[in-house]
Amino acid sequence: MTALLSLQAVSKRFRGLVAVDRVSFDVPEGAIFAVIGPNGAGKTTLFNLIAGATSPDGGTITFAGNRIEGMTADAVCRRGLARTFQLVRPFPGLSVEDNVIVGALQRRRDVAAAREHALTLLRRLDLFDKRSRLASTLTLPDRKRLEVARALATGPRLLLLDEVMAGLRPTETDRMVATLQALNRESGLTVVLIEHVMRAVMALASRVLVLDHGIAIAEGAPDAVVRDPAVVRSYLGQSHLEGGTS
Amino acid sequence: MIARLSGNLSPRGLIFLAALGAALLIAPFVANDYLLTVLILILYFAYTGQAWNIMMGFAGQLSLGHAIYVGLGAYVAALLFTRYGIAPWIGLLAAIPVTVACGAVIGFLAFRFGVAGVYFAILTIAFAEFARIGFDHLDIVNASAGLFLPVAQYTHNDLWRLRGNPAMFYYVILAATVLAFILSRVLMTSRIGYFWLAIREDEIAASAAGIDTFRYKMYAVMISAAVTAFAGVFYAFFYNNLFPEQVFNISRSIEIILGPIIGGVGTLFGPVLGAFVLTGLAETLNSAMLYFGIDLPGAKQVFYGVCLLLVVLALPNGVWPWLARRLGVAERSR
Amino acid sequence: MSFDVYLNVAVGGILTGLVYGLMALGLSVVFGVVRIVNFAHGEMMTIAMYLAVVLFSQFHLDPLLMLVPIAAVLFVCGYALQAGLINPFITRPEHSQFLLLVALGLIIVNSLLIVFGPDARSVQTSYAYDSFQIGPLIVDASKLYAGGAAVVLAALLFAFFRYTLTGTAIRACADNYTGAQVVGLDVKHLYALTFAIGAACVGAAGAIMTLIIDVTPMLGPTYTLLAFVIVVTGGLGSMPGALLGGLLIGLTEAFAGLLFTPSAKSMFAFGILVLVLLFRPQGLLGKRLA
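Note that the structure is a prediction, hence the values are computed from the model and not measured.

Visitor: Mind showing me how you'd approach the sheet that holds strand E4 (residues 58-63) of chain A here?
Guide: Within a sheet, each strand pairs with its neighbour through backbone hydrogen bonds, oriented either parallel or antiparallel. Residue and element names in this part refer to chain A. Pairing in this open sheet of four strands is antiparallel, and the strands run E2-E1-E4-E5 from one edge to the other. Two strands bound the open sheet, and with one partner strand each, they are strand E2 (17-27) and strand E5 (66-67). Of the pairings in the sheet, the one linking strand E1 (residues 5-14) to E4 comprises five bridges and is antiparallel in character. Residue Gln8 lies in a different strand from E4, and its bridge partner there is Thr60. Relative to the sheet, helix H1 (residues 43-51) contacts E1, E2 and E4, its axis offset from that of E2 by approximately 65°.

Visitor: Whenever I open this one, the sheet that holds strand E6 (residues 81-83) of chain A confuses me. Can you help?
Guide: Residue and element names in this part refer to chain A. A sheet is described by the order of its strands in space; here six strands give the open sequence E6-E7-E8-E3-E9-E10, paired in mixed fashion. Edge strands, defined here as strands with exactly one partner in the open sheet, are E6 and strand E10 (215-220). Adjacent strand axes in the sheet meet at a mean angle of 15°, parallel and antiparallel pairs treated alike. Two elements, E6 and strand E7 (residues 158-162), share three bridges in a ladder whose sense is parallel. Note on E7: the bridge partner recorded for Ala82 is Leu159.

Visitor: Please explain the interface of chain B and chain C as it appears in this structure.
Guide: Bring the parts together and some accessible area is lost; that lost area is often taken as the interface size. In this complex, chain B contributes 34 residues to the contact, which on the side of chain C involves 30 residues. Of all elements in the fold, only helix H6 (117-136), helix H12 (250-263) and helix H14 (299-314) of chain B reach the threshold of two or more residues within the side of chain B that touches chain C. The element that contributes the greatest number of residues to the side of chain B that touches chain C is H6(B), accounting for 13 residues. Across the side of chain B that touches chain C, the residue classes break down as 26 nonpolar, six polar and two charged.

Visitor: What am I meant to see in the pairing of E1(A) here?
Guide: Residues and elements named next belong to chain A. Note that E1 and E2 share seven bridges and pair antiparallel. Across the sheet, residue Lys12 finds its bridge partner in E2, namely Val20. Count of turn residues in the E1/E2 antiparallel hairpin: two residues, of which Arg15 carries a positive phi of about 50°.

Visitor: How should the interface of chain A and chain B be read in this particular structure?
Guide: Residue-level contacts link 23 residues of chain A with 20 residues of chain B. If you list the elements that add at least two residues to the side of chain A that touches chain B, you get helix H2 (73-79) and helix H3 (96-104) of chain A. In terms of residue class, the side of chain A that touches chain B is built from eleven nonpolar, five polar and seven charged.

Visitor: For this particular structure, what's the right way to read the packing of helix H2 (residues 41-59) of chain C against helix H3 (residues 63-86) of chain C?
Guide: The relative placement of two packed helices comes down to the angle between their axes together with the axis-to-axis distance. Residues and elements named next belong to chain C. At a closest axis distance of 10 Å, the pairing of H2 and H3 adopts a crossing angle of 135°. As the angle between them shows, H2 and H3 are arranged oblique. The two elements H2 and H3 cross, and the hand of that crossing is right-handed. Residues Met44, Ala48, Leu51, Ala52, Leu55 and Phe56 of H2 pack against Pro63, Met66, Ile70, Val73 and Leu74 of H3. Per-class residue counts for the contact of H2 with H3 are eleven nonpolar, no polar and no charged.

The rules behind the values
- The residue numbering used here restarts from 1 in each chain and proceeds along that chain's sequence as written.
- Chain labels run from A onward and ligand labels from 1 onward, assigned in the order the entries are written.
- Two thresholds apply to this predicted model, a pLDDT of at least 70 for residue-level local features and 80 or more for giving and counting side-chain atom pairs, whereas whole-chain, interface and lining totals are computed over all residues.
- Two strands are counted as paired when DSSP detects at least two bridges linking them.
- Starting at the N terminus, helices and strands are each numbered in turn, a helix being any DSSP run of H or I of at least four residues and a strand any DSSP run of E of at least two.
- Placing a C-beta atom from the backbone of each residue, one calls two residues in contact when those atoms lie within 7 Å.
- Axis lines are fitted to C-alpha atoms, over the contacting stretch for helices. Their N-to-C directions set the angle, which ranges from 0 to 180 degrees.
- Put simply, Ala, Val, Leu, Ile, Met, Phe, Trp, Tyr, Cys and Pro go in the nonpolar bin, Asp, Glu, Lys and Arg in the charged bin, and everything else, Gly too, in the polar bin.
- Convention used here: angles under 35 degrees read as roughly parallel, angles over 145 as roughly antiparallel, angles from 65 to 115 as roughly perpendicular, and any remaining angle as oblique.
- In this scheme the handedness of a crossing depends on how the near helix is turned from the far one: anticlockwise by less than a right angle means left-handed, clockwise means right-handed.

Now the structure itself:
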C-alpha cells in the first residue's frame, strides 16, 4: 500500500545552515506518526516544508499521490493536509465558533452547513460551551484545542500537529491524547506530530522518526527508537551513553 | 430577509432603526434646503464610508487613496454625459469596470509583491496623487480647468439624467446608502465575509486554514472600488463640476475614512453613525461660525482633525461599539 | 538642448536634493528607531518654514542663521509630542499610529491656513538672486548655501549617531528594544530624544527650504509624501539611504520639470515609489525587512 505522505530526500538550507538534510520517510494512511528530536533539530522546518509555508531546496514531498513540494500553504490545506502552529494562532477577534466556521467553509460553501459542522467539532473538542466567546479570551489549552478544531474543520486526511501538547498539564495532555486517538480510530485520520512530551508520543505514535541536526537518525516503533543508542546520544550526549542509564 | 439583516439587534435597536428610517424618509418634506443639503452630504459620506469599510473593516487593508475611485467614477460618467449624452446610470455601468480595473491593478501590485500595512496605505496615496496630477494635464477632461456638466433649468425631476432638485438627489443617495448597508450585511455574513475577517485577523493562519488570501484580498479591493464608483457618479451629477485638484485630493480620501474610523471600522453601523456625527457636528460648527460672523477657512478641517485625534486616543474602536454597549443594542461580537 | 543646460539642471537638482535628504533624514531616523510612521512630517517642516518666514519678515533674520533656534523649537516640540502623545501608541496597531499622525497633520495644516492664509509667503534674502559662475555652471547662491548647510547638518547627525554615547544608545534601542531596556537604557526618554532629533532635522530643513521655495500650508502633505518616497526609495531606517534618496528625487524632479511640465514633476517621484515598493521594497540601501 502506498503511503499517504511520502518524503524523499527533502532538504532545506538557510544561507549556510542546513536545517533539513535529505530526510525521507513514509506515513501510511491511518497511522499516527511522531517526529521527535532535540531543540534545533529541524522539526518545525520539516513541518513548514510539508505544510507549504516554505519550499524545499531538494527532494520531493508526495501527498495522496500528488507532488506538493513548493505549493502554497492554502493550496496544501485544500488538498487535505491541515496544520496547527507551535505558537497558537487563533483568530483573536473572532468568536470560537467563527474561528472553526472559517475552517469549515473550505469544504462547504453554505454558511449554515459550515456552522453545523463547526458546532459538531466544538462539541467533540469540548469547546461547545465557550463557542460565543472571543478566541483571545481563552486559556492556552483551550486555544490549542480551538486550533485543532479549526484544522479539523477543513476536512483533512492528514493532520500536522506542531507541539500541541506543549504547556499542557498532564491531565490536559491525556485529554488531548484521548481525543486524537478517538479521531484516528473513528475517521481514520492520519496524524503526524512533532512532540517533546514523551508521555504523548509513547501513548499515541505507532511509528517515530528522530531528527538531529536536520538528519533522520532513527525510525521505528516507539519502544525501539527510545532505546536506540544514536538517539540517546543525541539527547543526552556521548558520555551519558557510555555511563549508561537505559 | 429582514430577520437576516437585523438578526443581531435587540428589539430596542430595531425600534430605533425603524424610527430613524421613518425620519429619513420624510426629511425632504420637513427640512429646509440647507438642512437637506447637509443630509445629502451625510448620506454621501455614509455611502462612501461603507464602501471603504469593505476593504478596511472586513479585509484589513488600509486604503488612504480611495478618492481615486470616486474621481474615476465621476469623470467617466461625466465625460460620457457631456460628450455623448449618455445617462448617468449607463455611465455607471461604464464607470464600474474602470474603477474595478484600477483597484485590481493596485491590489495586484500590492499583494503580489507583499506590500502591506503602512506601505500599502502609502501606495494607495501615491496612486491617488498620480491620478490627481495626471488628470490635471489630461485635455480630454479639460485638465485643471475643470469639467462642467450642463445645468439647464428642468421643470421636473429627471431621474434618468439625474437632473433635478435636492429632494430627488436626497432620495437617490438614501436608497444607495440603504443598498450599501444591505450589501455590507450580506457580505459580512457570507463565506467571503468570513474569509475576509480571517485575513484581517491573521493572514498566515488564514492561509493555513486553506484561504487563498491573494484572491480574497483582490475581491475586497475590487468590490470596494465598484461600490465607490457610484459615489463618483453621484458626486459628478450633484455638484456638476469636476476639478482634478479637488476630486482626487488627499483631503477627499481622508474625509472618506473619517466616518468609518470615528463610527467604528468593521462594524455595520459604524460608517453611518460616523457620517452623521461628523458631518452633523461640522455643519453645526459652520452655522455657529456664520452666525457669529467668523470666517475661518480651514476651521472645519481642524475640527475633523480634532475629532479623529480624540477618537484614536479615547475610542480606538470607534463610537458605535461604545454607544451600542451603552444603549444595550450591541451587535454580536465579531 | 545643450549639455550646459542639463548640467545646470542637474546641479540644481542635486542641491535641492540635499535639502530633501536632510528632511527625509528626520523621518528615517524616527522610523528606524521608534518605528513610528510620522505622517505629520511635512506638516512639521511647514511649521518651521513659516517660523523662518515670520522671523525674516519681522526681524530680517536670515533663515540660515535662524536654523539653530528653529531647529531647537522643533526639537522641544518633538520631544513633548513623542513623550506626551505618541509613546502609548508604539504598541498599538500600525494603522492606529498612522491615523494619530494623520490627525495631527490635518490639524497643523489647517491651523496654518487659518493663521497665515492660503497665499504663498517667501523669504527674499539679499542674495536671493545672486549666482556663482564656475565654467559652464551657473549655480544659484541660495541653492548653494542651502545644499551646503544641509550637508553640514547631515554630517553632524551622522557623527552624533556614530561617535556619541547617546547616539549609540539610540542605535541600541533601534536594534533591540527589549535588550536596550534590560541593560538599563531609559527607552522612553531615548525615543522622545530621537523623535526630537528627527523634528530638529526637519526644522532645519524647513528653514533652509525657505531659500529655495515659497511656503503655503498645503506644502505639508506634499512634503510628507515626498519624504516617504525618499525614505522608501533610499531604505527605511538607513541614514545614507535617506540622503541618496533625496538626491535621486531632487534630480528626478529637476529633469522632469525640464523635459515635461514642471507641475507634473511629482508624478515621477510617485512612479519611482511604486517601482521601489514593487521590486526593491527595502529600498536602495535598506536592510531586508522581516
